[in-house]
Amino acid sequence: MTTVIRTHGLTKHYGRVHALDGLDLEVEEGQIHGFLGPNGAGKSTAIRVLLGLARKTGGAASVFGGDPWRDAVALHRRIAYVPGDVSVWPNLSGGEAIDLLARLRGAARHGDAYRAEKERLSEAFQFDPRKKGRAYSKGNRQKVALIAALSVPADLYILDEPTSGLDPLMEVMFRREIARVRAAGATVLLSSHILSEVEQLCDRVSIIRAGRVVETGTLAELRHLTRTEISFEGTNAATAAGIEGAHDAVAEDGRVRFTVDSDAVAGILPELSRRNVAGLRIAPPSLEELFLRHYGDDLAAMEGNGR
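So, here's what we can say about the structure. Position labels on residues start from 1 in each chain and follow its written sequence. Local features are withheld for residues below a pLDDT of 70 in this predicted model, meaning they are given only at 70 or higher, and side-chain atom pairs are given and counted only at 80 or more; totals for whole chains, interfaces and linings count all residues. Side-chain calculation: all heavy atoms of the structure are included, whereas hydrogens and water are not.

On to the overall build of the chain. Counting secondary structure elements, the chain contains ten helices and 13 strands. For the chain, the spread of C-alpha atoms along the three principal axes comes to 70 × 45 × 45 Å. Each residue is placed in one exposure class: buried if its accessible area under a 1.4 Å probe, protein chains only, is under 20% of its type's maximum, exposed if it is over 50%, and partly exposed if it falls in between. Residues counted as buried form 47% of the 307 residues belonging to the chain. Working note: accessible area of the chain is about 15,400 Å², and carbon and sulfur atoms make up 50% of it. Helix and strand definitions follow DSSP, with helices as H or I runs of at least four residues and strands as E runs of at least two, each counted in order from the N terminus. Here the open area of atoms and residues is found with the Shrake-Rupley method and a 1.4 Å probe, where only the protein chains shown may cover a residue.

This part takes up the pairing of strand 6 (residues 156-160). Counted residue by residue, strand 6 has five buried out of five residues, so it is predominantly covered. Alternating residues of strand 6 divide into Leu156, Ile158 and Asp160 and Tyr157 and Leu159, and every residue in both groups is buried. When DSSP finds two or more bridges between two strands, those strands count as paired. Pairing of strand 5 (residues 79-82) with strand 6, which is carried by four bridges, proceeds in the parallel orientation. Bridge pairing in strand 6 links Val82 to Leu159. Two strands pair when backbone bridges link them, and strand 6 and strand 7 (residues 187-191) are joined in this way by five bridges, in the parallel orientation. Considered in strand 7, the bridge of Ile158 is made with Leu189. A crossover connection joins strand 6 to the parallel strand 7 through helix 6 (residues 168-183); in handedness this β-α-β unit is right-handed. If the strands point away from the viewer and the path from the first strand over the helix to the second runs clockwise, then the crossover is right-handed.

We now examine the side chain of Gln142. Following the sequence through the fold, Gln142 ends up in helix 5 (residues 138-150). Looking at Gln142, the relative accessible area reads 0%, which means it is buried. Of note is the side chain of Gln142, whose polar atom sits 2.6 Å from the backbone oxygen of Pro83. In this description, contact between two residues means that some pair of their heavy atoms is separated by no more than 4.5 Å. Filtering out sequence-adjacent residues up to four positions away, Gln142 remains in contact with Val82, Pro83, Gly84, Asp85, Val86, Glu161, Pro162, Ser164 and Leu166. Between N or O atoms, a polar contact is any pair within 3.5 Å; within protein, one atom must be a potential hydrogen donor and the other a potential acceptor, and residues adjacent in sequence are included only when both atoms are from side chains.

On to the nonpolar core, then. When a protein is soluble and globular, its nonpolar side chains tend to lie buried together. For our purposes a nonpolar core is just a set of buried Ala, Val, Leu, Ile, Met, Phe, Trp, Tyr and Cys residues, chained together by side-chain atoms within 4.5 Å. Ranked by internal contacts, the top residues of the largest apolar core, which has 44 residues, are Phe125, Tyr157, Leu159, Phe174, Ile178, Val188 and Val205. Residue contributions to this core peak at seven residues, all from helix 5. In this structure, Tyr157 is in contact with Ala80, Ala149, Leu150, Val152, Val181, Ala186, Thr187, Val188 and Leu189, ignoring residues within four places of it in sequence. With 23 residues, the next largest nonpolar core counts Val4, Val27, Val49 and Leu189 among its residues.

Below you can see the structure in the form of structure tokens.
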């Protein structure tokens, strides 16, 4: 597959602060690639470097084989970008702001097709383009950027917390639109703190910590790095005793629960069958669990400090 985004040993320093500290990231053509990490991990800095808005300190970064800093004008003809905190011109209507942003990306070349797509997206996102920018809520400002980005076809969509401020119904609409552009052959780099959103949309995921990617792969690959929960009806945790590979058995709410290494699940099923367990459930680790594998100690430290 063609690699659309590639960074190797990418660094970005602001004085003594190392926002990026050797970032290695690859995004393949046609993928939706999730980019995960809490505030301060380096996600937005990496995106700014990829967009040519910040100059790298060291290492290498390329988009479509070009240098994001040197070739920014040419690359931006192929890129749509949505930030997580959108500002709009207070005296322009939402429709005028969308037209202005879309023209910067070549909307004029698409003529009636652009106008039809803008109208379709405005209806889909329940957006009133007649109001002035000063009257828009955060969610509506976000819709301006989303409609402008999605109404003109792009080869690469770079989305940095794009659903910030949207209600759950609009998040569903966003997921449908991203699935649509991916089906059309586009590539998407999606930075989001909504793990369920990433889990539903993304082909691959990279988890960033302290300016470095600490885990990358498909969700199936990453799930093998943590444990699967198995549960069945029962009130005594001792019924899980003797099951090879079972960890942390507990009984609560009328069910016995324990975890096993994800690649050991198949070997445990015959033993459960011999015990005639009822109401068997097998729950693969969620993306939240994968995420906490790297950030759980930070959360524990915050709780220990009473924060």
